[in-house]
Amino acid sequence: GENVEQHPSTLSVQEGDSAVIKCTYSDSASNYFPWYKQELGKRPQLIIDIRSNVGEKKDQRIAVTLNKTAKHFSLHITETQPEDSAVYFCAEGGIQGAQKLVFGQGTRLTINP
Amino acid sequence: KAGVTQTPRYLIKTRGQQVTLSCSPISGHRSVSWYQQTPGQGLQFLFEYFSETQRNKGNFPGRFSGRQFSNSRSEMNVSTLELGDSALYLCASAPGTSTGELFFGEGSRLTVL
């Protein structure tokens with residue numbers, strides 16, 4: 001069945017440094033890998049996603065890489081800022097075009113000024 | 001465009017009772033998914049409805065059910081509530097024609113005493 005392992009569960013970095021969060025998935029049929037950010041008391045919001053036909057995608061300070069052979073994908077945030085502090089969730093999905101997402105357990109990222 | 005609206009935002013029930021939660025998706029979105037969010041289990045998929053039909057179902061007991069109306073609004077029901085059902089229930093809408101971004105509501109926080 002589908003399962004997503006996400007590491008680390010907590011991450012603390014100095015403002016301006018980079019942060020990396022890693023996820024491993026189990027279902028080789030998955031072809032859609034989004035990342036959601038959830039600030040305290042707020043709804044999860046998509047920050048970036050990648051599909052299986054692409055190895056890397058970048059949007060300003062955020063990038064995601066995908067290794068389908070190894071079944072893992074990573075979120076990279078550069079030049080971190082205090083507003084990056086939040087819980088980040090990776091997910092896998094896209095099997096047979098379905099909307100169902102299987103989420104990782106989340107990473108609580110804290111940016112220290 | 002109005003976002004995803006969930007009602008009620010907060011509710012308290014006692015064991016054995018039942019509860020109905022409501023979700024109004026973004027106008028034009030035909031897919032509505034429900035997720036349970038708890039500190040220990042993260043975000044877990046309950047079910048997804050598309051054009052009034054359940055398209056996907058997660059691994060939850062039959063006490064959890066849902067439906068979707070012709071205007072795409074959705075309800076989920078939990079019968080015979082247990083203490084472990086205490087959670088934030090998130091609804092997410094999407095156009096539904098292919099896998100992509102989910103737009104989450106702010107959630108309904110259920111406390112079971």
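Predicted, not measured: the structure shown is a model, and the values here were computed from it. Throughout, residues of each chain are indexed from 1 in the direction in which the sequence is written. Chains carry letters and ligands carry numbers; both start at the beginning, A for chains and 1 for ligands, and go up in the order they are written. Residue-level local features of this predicted model are given only where pLDDT is at least 70; pairs of side-chain atoms are given and counted only at 80 or more, and the full residue set underlies all totals for whole chains, interfaces and linings. Note that the side-chain values use all heavy atoms of the structure and ignore hydrogens as well as water.

Chemist: Go over the environment of Asn77 of chain B, please, and point to the residues and values.
Modeler: All names here are of chain B. Per the convention used, a helix needs a DSSP run of H or I reaching at least four residues, while a strand needs a run of E reaching at least two, with both numbered from the N terminus. With respect to the element layout, Asn77 can be found in strand S8 (residues 74-78). Remark: the alpha-carbon pair of Asn77 and Leu43, spanning 34 residues in sequence, is separated by 18 Å. Here, residues are in contact when the closest pair of their heavy atoms is within 4.5 Å. Sequence-distant contacts of Asn77, that is, excluding residues within four places in its chain, are made with Gln18, Val19, Thr20, Arg63, Phe64 and Ser65. Two N or O atoms form a polar contact when they lie within 3.5 Å of each other; inside protein one atom must be a possible hydrogen donor and the other a possible acceptor, and for residues adjacent in sequence the pair counts only when both atoms belong to side chains. A distance of 2.9 Å separates polar atoms of two side chains, one belonging to Asn77 and the other to Thr20.

Chemist: Now, about the state of the cysteines: what can you tell me, with residues and values included?
Modeler: In plain terms, two cysteine sulfur atoms within 2.5 Å form what is called a disulfide here. Under the criterion given, the structure shown has 2 disulfides over all chains. What pairs with Cys23 of chain A in a disulfide is Cys90 of chain A, and their sulfur atoms sit 1.9 Å apart. Every disulfide takes its handedness from the sign of the S-S torsion; for Cys23 of chain A and Cys90 of chain A that torsion is -100°, giving left-handed. Of this pair, Cys23 of chain A sits in strand S3 (residues 19-25) while Cys90 of chain A sits in strand S9 (residues 86-93), and the two are 67 residues apart along the sequence. Type-normalised accessible area, obtained with a 1.4 Å probe on protein chains alone, sets the label of each residue: buried when under 20%, exposed when over 50%, and partly exposed for intermediate values. A residue is classified by how much of its surface remains accessible, and Cys23 of chain A, at 1% relative accessible area, is buried. Note that Cys23 of chain B is cross-linked by a disulfide to Cys91 of chain B, the S-S spacing being 1.7 Å.

Chemist: How would you explain the interface of chain B and chain A if you had to name every residue and give the values?
Modeler: Each partner contributes to the interface: chain B provides 26 residues, whereas chain A provides 16 residues. Buried surface area refers to the total accessible area, computed with a probe of radius 1.4 Å, that the two partners give up upon joining, counted for both partners together. Carbon and sulfur atoms supply 51% of the area that chain B and chain A bury against each other, a total of about 1800 Å² over both sides. Counting the surface chain B buries against chain A, the share from its top three residues, Leu43, Thr99 and Phe104 of chain B, is 36%. A pairing counts as a salt bridge when a side-chain nitrogen of Lys or Arg comes within 4 Å of a carboxyl oxygen of Asp or Glu. Run the count over chain B and chain A and you get 1 salt bridge. The closest approach of N and O atoms between Glu106 of chain B and Arg43 of chain A, which form a salt bridge, is 2.8 Å. In this assembly, chain B and chain A are joined by 7 residue pairs in polar contact (both at pLDDT 80 or more). Sorting the residues of the side of chain B that touches chain A by element identifies strand S4 (31-38), strand S5 (42-50), strand S6 (53-57) and strand S9 (87-94) of chain B as the ones contributing at least two each.

Chemist: So what's going on with the nonpolar core? Which residues, and what values?
Modeler: The criterion is simple. A nonpolar core is a set of buried Ala, Val, Leu, Ile, Met, Phe, Trp, Tyr and Cys residues joined through side-chain atoms within 4.5 Å. Membership of the largest hydrophobic core comes to 24 residues, with the highest contact counts inside it found for Trp35, Phe73, Leu75, Tyr88 and Leu109 of chain A. The contacts of Phe73 of chain A, once residues within four sequence positions are left out, are Ile21, Lys22, Cys23, Tyr25, Phe33, Pro34, Trp35, Thr65, Leu66, Cys90 and Ala91 of chain A. Listed in part, the 21 residues of the second largest apolar core include Leu11, Leu21, Cys23 and Ile26 of chain B.

Chemist: Could you give an account of the layout of surface pockets, with specific residues and numbers?
Modeler: Empty space among the atoms can be located by rolling a probe the size of a water molecule over them. If you add up the space inside the largest pocket, you get close to 570 Å³. With a 1 Å grid laid over protein atoms only, a set of points is called a cavity when a 1.4 Å probe fits there but cannot get out and a pocket when it is open yet has protein on both sides within 12 Å along at least five of seven lines; lining residues have an atom within 4 Å of a point. Around the largest pocket, the lining is made up of 28 residues, and of these Gln38, Leu40 and Arg108 of chain A together with Gln37 and Arg109 of chain B lie nearest the centre. Those elements that provide at least two residues to the lining of the largest pocket are S9 and strand S11 (107-112) of chain A together with S4 and S9 of chain B. Partitioned by chemical class, the residues of the lining of the largest pocket number 9 nonpolar, 13 polar and 6 charged. Grid points are joined across faces, edges and corners, and a volume is the space filled by probe spheres set on the points. Three classes are used, and their members are as follows: Ala, Val, Leu, Ile, Met, Phe, Trp, Tyr, Cys and Pro are nonpolar, Asp, Glu, Lys and Arg are charged, and the others, Gly among them, are polar.

Chemist: Describe the sheet that holds strand S6 (residues 56-59) of chain A, with residues and values.
Modeler: Residues and elements named next belong to chain A. Strand pairing is defined by DSSP finding a minimum of two bridges between the two strands. One open sheet holds the 5 strands; their spatial order is S1-S3-S8-S7-S6, and the pairing between them is antiparallel. The sheet terminates laterally at strand S1 (4-7) and S6, the two strands that pair on one side only. Along the sheet, successive strands turn relative to each other by an average axial angle of 15°, direction set aside. Relative to strand S8 (residues 72-77), strand S7 (residues 62-67) is paired through 6 bridges, and the arrangement is antiparallel. Pairing of Ala63 across the sheet is with His76, part of S8. All axes are obtained by fitting lines to C-alpha atoms, using only the stretch in contact for helices, and the reported angles, taken between N-to-C directions, cover 0 to 180 degrees.

Taken by themselves, the reported measurements are silent on function.
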